[in-house]
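Below are the chains, spelled out letter by letter.
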Amino acid sequence: MTLDEFETIRLLDREGLTQEQCAEKMGIARTTVTAIYESARRKVADALVDGKQLLIRGGNYRLNDQGTKNIIQKGTGNMRIAVTYENGEIFQHFGHTEQFKLYDVEDGKIVAEQIVPTNGSGHGALAGFLKAAQADALICGGIGMGAQNALAEAGIKLYGGVSGSADAAAQALAEGTLQYDPNAKCDHHGHHHGEGHECGHHHGGGHECGHHHGEGLDCGHQEGDEGCRRHHGE
């Protein structure tokens, strides 16, 4: 599906605009909106009925400020790290993020910080929000494949599967020592995410799974034994 097709679906079906209003927002003729919308709905139907993967890519687009007009401009040559943020911690569900904390890094040191609201941006809009906010990297807990693809399209490097202090994680990334899970994902929407869940695992010591490793496990079992596997739902 092209970005134009996605936009017509968003404006007509999600926002409830008329085709005339949609055409005005997109800067195209109403008849063009009709043609794009019909093509988009066929592709959505194919994905739902035949179980096809739906990819959104291609086409020209322009980002509005998306609530980012008050964000401090990033310095030339600086790296901007965005962290899903809640009460000083890394928020564990990317799609429900209400705030990001932005860190500007220069020569391996954090030189500026800012907390910014997402202004109700939904799951599909957060990658665009981060791009408009000039983010180069994102630290988060669990994140779905659709959002991962959108971040990749926006050129934003993902560091998923991280929990704990947002400040500490940003500092670790600035220093090149952050432990993260390159395979982090979130498939269970609406659940609380924390240690032991498939998204937002606790990570440390270079491990890439959500369980505690080594002797003296918190669950009282030894690593790898049958009781531990049952305890963790394997």
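Only a predicted model underlies this, so the values are computations on that prediction, with no experimental measurement involved. (Residues numbered from 1 in each chain as written. Predicted model: local features only at pLDDT ≥ 70, side-chain atom pairs only at ≥ 80, totals over all residues. Heavy atoms only, no water.)

Here we look at the overall build of the protein
The condition that has to hold: Helix and strand assignments come from DSSP, with helices taken as H or I runs of at least 4 residues and strands as E runs of at least 2, each series counted from the N terminus. Each residue is assigned to one of three classes by its accessible area relative to the maximum for its type, calculated with a 1.4 Å probe on protein chains only: buried under 20%, partly exposed between the two thresholds, exposed over 50%. Residues count as neighbours in contact if any of their non-hydrogen atoms are within 4.5 Å of one another. In these tables, accessible area is a Shrake-Rupley quantity obtained with a 1.4 Å probe, and a residue counts as shielded only by the protein chains included in the view.
What the protein contains, in helices and strands, is seven helices and six strands. From first element to last, N terminus to C terminus, the protein shows the α and β order α-α-α-β-β-β-β-α-β-α-β-α-α. Burial status across the protein gives 37% buried among its 234 residues. A separation of at least 24 residues holds for 52% of the contacts in the protein among residues at least 6 apart in sequence. Accessible area for the protein stands at about 13,200 Å²; split by element, carbon and sulfur atoms hold 46% of it.

With respect to the environment of Ala169
Mapping Ala169 onto the fold places it in helix α6 (residues 166-175). We classify Ala169 as buried; its relative accessible area is 5%. Considered as a pair, Ala169 and Glu89 are 80 residues apart in the sequence and their alpha carbons are 9.5 Å apart.

Thoughts on the nonpolar core
Note the threshold: By nonpolar core we mean a set of buried residues, namely Ala, Val, Leu, Ile, Met, Phe, Trp, Tyr and Cys, connected to one another through side-chain atoms within 4.5 Å.
Residues Phe94, Phe100, Leu130, Leu138, Ile143 and Leu151 are the most contacted members of the largest nonpolar core, which totals 20 residues. Those elements that provide at least two residues to this core are β3 (99-106), α4 (126-132) and α5 (145-153). In terms of residue count, the dominant contributor to this core is α4 (four residues). Within the second largest apolar cluster, 17 residues are counted, among which are Ile90, Tyr103, Ala137 and Ala172.

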